[in-house]
Amino acid sequence: MVALSVVSLISKKIIKPSIPTPLSLKSHKLSFVDQVLHISIPIAFFYPKVGNYAAYKSYEPTLVSQLLEKSLSKTLSFYYPYAGRLKNDSSVDCNDTGVELSNVRVHCSMSEIFKHPYTEAEHVVFPQAKPHDHSKGNLAIAQVSHFDCGGLAIGACLSHKIGDGYTASNFLYNWGVLSRDISATPSPRFVGESIYPQCNDPSDVSSIKYEEPTGYLGKRLIFPATKVNALKANISLESGVQNPTRTEVVSALLYKCAVAARRANNVGSFKPSTLFQVANMRQRLNPPLSYDACGNVISGFLVKTTNERELNCPRLIREMRKEKEKLHDQQKNATKNTIISEVVDSLEKGRTPFHSSEVDYYVCSSVLVFPFYNMDFGWGRPARVSMATGPFNKYFFLMDNQSGGGIEAIVMLGEQDMAIFERDPELLEFAIPIPNH
C-alpha cells in the first residue's frame, strides 16, 4: 500500500457559499434515516495528465485551486446544508461555516496507485486518513491531489446525514458543471424529514455505534457488458425471472462467491447469511420524487440464506424480485422502511444494526444510474472512480464501467475470505480483476 507519508500539503482553505443561506433555510431538520447514519460517503475521481502542453498548464496547482474554490463556493450556495454544522441529533445549523478544501502533492505517479492489487492505495487522495469517518465538525471535506506525473485527483467525503449516494453524486456532478460554467444553476431540493419523520427520541439514535472491522481488503472487478449479458442469459433461463437487471445478476454472483469463501474458511461449516440491497426510493414513492430531491431517500430489502442449498444465483434472483416488489408498499407506511425497522429492532435488543453473531450480513449498494464516469471539472472524464474501502466488511459497491453496459465492482471482504474469493473460478468466468498484470 502507498503510505500517507507520500502526501505533502500545498494549501488548505475554508470555502463558504458564494451567496448567504436565506434565514428561511437556516435550520435543516434531519429525518430518521439521516439521524442513524454516522458515516461519510467518500468518492474520488482520477484525471491523468493530458497530452498537449496548453491543456497541461490548466493542471497547474494555483490555477486548479482558483477554479475549484470558486466553483465549490457557488455549489455550496445550492447545497447549503453541507456548509453548515450539526446543531444536535435532530438538525443542521445552515450557518455557512463552510467546507475545508485542501491541495496536496502526492510524491508518486498515478500509475503507482493504479498498479496496487487492492483499493486501499487510493486512500491517499482522500482528505482524511479514514475516509468513511464522520466528523461532527465538517459535513463535507474535499482534497485536490497533484501527482508527480502531472495528473490530479479530486476526492471528497460528504456526510451521509445530509444525503445518500444520489445526493452526493449530484453535488459532485454540479461542482463539475460549475467548474466549466460558473453561470449554471443547479436545482437541488432538500426533502429533510418530509419522507421519513424523525425518531421520537433522538437520544436513542445518537447512542448507535458502528464497529469498524479490521483486516479487510477492497478489490476492484470489471464485469464487461458481454459477460454481464451472458450472466443474465444463464440466470434468466434457470430462474424463470424475465430480464434480470445488471445489479441483480452481479450482486447475486458476488454474494454467492463471498459466502462460499466464508464457508471454506470456516472449515466447511455453513453459517446463515443475509444480503441487504440498498434501494433508491425516489421513483417508488407516491407521488414519485424528482431526481433533484436531496436527502436519504433510501430503503432496501433483505435476501436470507439459511442453508447451502439456497446459495444459488437463480434462487437468489427470484427472492430479490419478490422483495423488490414489496418496496412499493413502503410508499404508504414509512415505518416499513427496512433501514428504520432494522435500527428500531436493534435498539430494542441492544445490538448494533446489521450486525449479529449468528448471521453474516452482506450489503450491496448499486449506483449504476449515477454519472460517476461523466464527472468533468474541465479536464474531461476520469480514468478511475474510487469509493474508499471500509468501514464495512462484506460490502459490494457497484457502478457503471467506463465503456458503459458493464459493471465496475468494489468488493470489501476480510483478508482470509478475499484470498479465496478472488480466485473463485465461477467469479473469474465473468469478472476481470483490476489491475490485471
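Residues numbered from 1 in each chain as written. Predicted model: local features only at pLDDT ≥ 70, side-chain atom pairs only at ≥ 80, totals over all residues. Heavy atoms only, no water.

Under an unreviewed UniProt entry, the name given to the protein chain is Acylsugar acyltransferase 3-like, and the organism recorded is Nicotiana tabacum.

Novice: Account for the packing of aromatic side chains, with residues named and values stated.
Specialist: Aromatic rings in a pair are described by how distant their centres are and how their planes are angled relative to each other. Taken as a whole and judged by the stated rule, the model has 16 aromatic pairs. Against the face of Y118 rests K219, its NZ or CZ located 5.0 Å from the ring centre. A cation sits over an aromatic face here: R384 above F114, 4.2 Å from the ring centre. (Phe/Tyr/Trp six-rings, centres within 6.5 Å; stacked < 30°, edge-to-face > 60°. Lys NZ or Arg CZ within 6 Å of the ring centre and 35° of its normal.)

Novice: A description of empty space enclosed by the protein should follow, citing residues and the corresponding values.
Specialist: What the rule picks out here adds up to three cavities of 30 Å³ or more. Its boundaries defined by the atoms lining it, the largest cavity holds a volume of some 50 Å³. Those elements giving two or more residues to the lining of the largest cavity turn out to be helix 8 (246–265) and strand 14 (360–366). (1 Å grid on protein atoms, 1.4 Å probe; cavity = no way out; pocket = protein on both sides within 12 Å on 5 of 7 lines; lining within 4 Å. Points joined across faces, edges and corners; volume = space filled by probe spheres on them. Helix = DSSP H or I, 4+ residues; strand = E, 2+ residues; numbered from the N terminus.)

Novice: Account for the packing of helix 3 (residues 61–78) against helix 5 (residues 165–180), naming residues and giving values.
Specialist: It is at 8 Å that the axes of helix 3 and helix 5 come closest, and there the two elements cross at 125 degrees. As summarised for this structure, helix 3 and helix 5 are arranged oblique, according to the angle between their axes. The crossing of helix 3 and helix 5 is right-handed. Each of L67, L68, S71, L72, K74, T75 and L76 in helix 3 lies in contact with helix 5, whose residues at this interface are F171, N174, W175, L178 and S179. Classifying every residue of the contact of helix 3 with helix 5 by side-chain character gives seven nonpolar, four polar and one charged. (Axes fitted to C-alpha atoms, helices over the stretch in contact; angles between N-to-C directions. Parallel < 35°, antiparallel > 145°, perpendicular 65-115°, else oblique. Left-handed = near helix turned anticlockwise from the far one by under 90°. Contact = heavy atoms within 4.5 Å. Nonpolar A, V, L, I, M, F, W, Y, C, P; charged D, E, K, R; others polar.)

Novice: I'd like to hear about the packing of helix 8 against helix 9 (residues 313–326), residue by residue, with values.
Specialist: Relative orientation of the contacting elements helix 8 and helix 9 amounts to 125 degrees, with a least axis distance of 9 Å. As the angle between them shows, helix 8 and helix 9 are arranged oblique. In this structure, helix 8 crosses over helix 9, and the sense of that crossing is right-handed. From helix 8, E248, V249, S251, A252, L253, Y255 and K256 reach across to helix 9, where they touch C313, L316, I317, M320, R321 and K324. Residue composition of the contact of helix 8 with helix 9, by class: eight nonpolar, one polar and four charged.

Novice: With reference to specific residues and values, describe the environment of K130.
Specialist: With respect to the element layout, K130 can be found in the loop between helix 4 (110–114) and strand 7 (140–147). In this structure K130 comes out as partly exposed when scored by relative accessible area, which is 47%. Counting along the chain gives 259 residues from K130 to T389, while the straight-line C-alpha distance between them is 9.2 Å. (Buried < 20%, exposed > 50% of the residue type's maximum accessible area, 1.4 Å probe, protein only.)

Novice: I'd like a rundown of the pairing of strand 15 (residues 384–387), residues and numbers included.
Specialist: Neither face of strand 15 is exposed, since R384 and S386 on one face and V385 and M387 on the opposite face are all buried. Bridge analysis of strand 3 (residues 40–47) against strand 15 gives four bridges, and the strand direction is antiparallel. Residue pairing for strand 15: A44 is matched across the bridge by S386. (Pairing = 2+ DSSP bridges.)

Novice: How would you summarise the sheet that holds strand 2 (residues 27–29) if you had to cite specific residues and measurements?
Specialist: Strand order in the open sheet formed by three strands is 2-5-4, with antiparallel pairing between adjacent strands. Here the strands that pair on one side only, and so sit at the sheet edges, are strand 2 and strand 4 (85–86). Sheet topology note: the strand 2/strand 5 (residues 91–93) ladder contains three bridges and is antiparallel. Residue pairing for strand 5: H28 is matched across the bridge by V92.

Novice: Talk me through the side chain of S365; I want residue IDs and the actual numbers.
Specialist: Among the secondary structure elements, S365 is positioned in strand 14. A residue is classified by how much of its surface remains accessible, and S365, at 13% relative accessible area, is buried. Ignoring any residue separated from it by four or fewer positions in sequence, one finds S365 in contact with V278, Y395, F396, F397 and L398.

Novice: Give a description of the nonpolar core that names residues and reports values.
Specialist: Counting residues in hydrophobic clusters, the biggest one holds 110 residues, and the most contacted among them are W175, F223, L254, F372 and F421. For this core, the element with the most residues is helix 8, which contributes 10 residues. Here this core spans two domains, since at least three of its residues come from each of domain 1 (7–206) and domain 2 (216–433). F114, I141, F147 and A388 belong to the second largest nonpolar core, which has 18 residues in total. (Core = buried A, V, L, I, M, F, W, Y, C linked by side-chain atoms within 4.5 Å. Domains from an automatic or database assignment.)

Novice: Outline the environment of A44, supporting the account with residue identities and numerical values.
Specialist: With respect to the secondary-structure elements, A44 resides in strand 3. Its relative accessible area of 0% is what places A44 among the buried residues. As a C-alpha pair, A44 and A142 span 98 residues in sequence and 9.4 Å in three-dimensional space. When sequence neighbours within four positions are dropped, the list of residues in contact with A44 reads V125, F126, I154, G155, R384, V385 and S386.

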